[in-house]
Structure formats: structure tokens, C-alpha cells
Amino acid sequence: MGNEVIAALVIALTGVPALGIAAWSGRDGSAHARGTGLRWALIALCSFIAAIALYFSGGNRSAALAVGIGFAVAVNALAVSMVLHLRRGNDGAPRK
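Residues numbered from 1 in each chain as written. Predicted model: local features only at pLDDT ≥ 70, side-chain atom pairs only at ≥ 80, totals over all residues. Heavy atoms only, no water.

Novice: I'm lost on the packing of helix H2 (residues 31–56) against helix H3 (residues 61–88) in this one. Help?
Specialist: Any two packed helices are characterised by how steeply their axes cross, that is the angle between the axes, and by the distance between the axes. Packing of H2 against H3 brings their axes to within 10 Å, and their N-to-C directions diverge by 175 degrees. In terms of orientation, H2 and H3 fall into the roughly antiparallel class. Residues His32, Gly35, Thr36, Arg39, Trp40, Leu42, Ile43, Cys46, Ser47, Ala50, Ala53 and Leu54 of H2 pack against Ala64, Val67, Phe71, Ala74, Val75, Leu78, Ser81, Met82, His85 and Leu86 of H3. Of the residues contributing to the contact of H2 with H3, the split by class is 15 nonpolar, six polar and one charged. (Axes fitted to C-alpha atoms, helices over the stretch in contact; angles between N-to-C directions. Helix = DSSP H or I, 4+ residues; strand = E, 2+ residues; numbered from the N terminus. Parallel < 35°, antiparallel > 145°, perpendicular 65-115°, else oblique. Contact = heavy atoms within 4.5 Å. Nonpolar A, V, L, I, M, F, W, Y, C, P; charged D, E, K, R; others polar.)

Laid out in C-alpha cells, this is it:
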């Protein structure tokens, strides 16, 4: 197995816990819990897409770098979205 296969598998495996957290956090059924679960599921989806893209980059260093940068930007944007969502609270009103 080449390095690109191992790197893709590692990134894909990092998405599995996020998918589990998405299912666990969305189990309440409230709108706030569903929003939190959705953000965790999107983080897992970003991991899976990045793993597939890294695998298909075929060892091309510049393509792998572009995938890594895109993955980091997407996950950080979703993390900021989750922090803002959690700060909003259960009632949907922003905290002061």
C-alpha cells in the first residue's frame, strides 16, 4: 500500500467518531440538538470527501496540498459555526 492510501484511510477514520457524535448529539430531537448533530455530520462528511480526494490525487504533491488546505478551511469553518450555534442556546436567541 502506498502512502496516499494510508493517508486517505487515516483521514477517513477520523470522520467516524464525528459521525458517532452527530448521532449522539442529535438524539434529543430538539431544533438545537439537530443543529449540533448536523454540524458534526458535516464535519464527518468533510473528512470522507477529503479522504476520497486525497486518494484520487495519486501522489501528486500539489493536489494533496490543495486537499489538505481545503479540508482544514472547511472543518475550521464548521467548528466556528458550531461554536456560534452552541452560544445561541436552546431558545435560538443570541447570548449577551
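Novice: So what exactly am I meant to see when it comes to a nonpolar patch on the surface here?
Specialist: On the surface, Leu38, Leu42, Leu45 and Ile49 cluster together into a nonpolar patch covering about 350 Å² of accessible area. As for its placement among the helices and strands, leucine 38 is situated in helix H2. (Patch = residues over 30% accessible without salt bridge, like charges linked within 9 Å, V, L, I, M, F, W, Y side chains within 5 Å. Areas by Shrake-Rupley, 256 points an atom, 1.4 Å probe, with all protein chains shown as cover. Salt bridge = Lys/Arg side-chain N within 4 Å of Asp/Glu carboxyl O.)

Distances and angles like these do not, on their own, reveal function.
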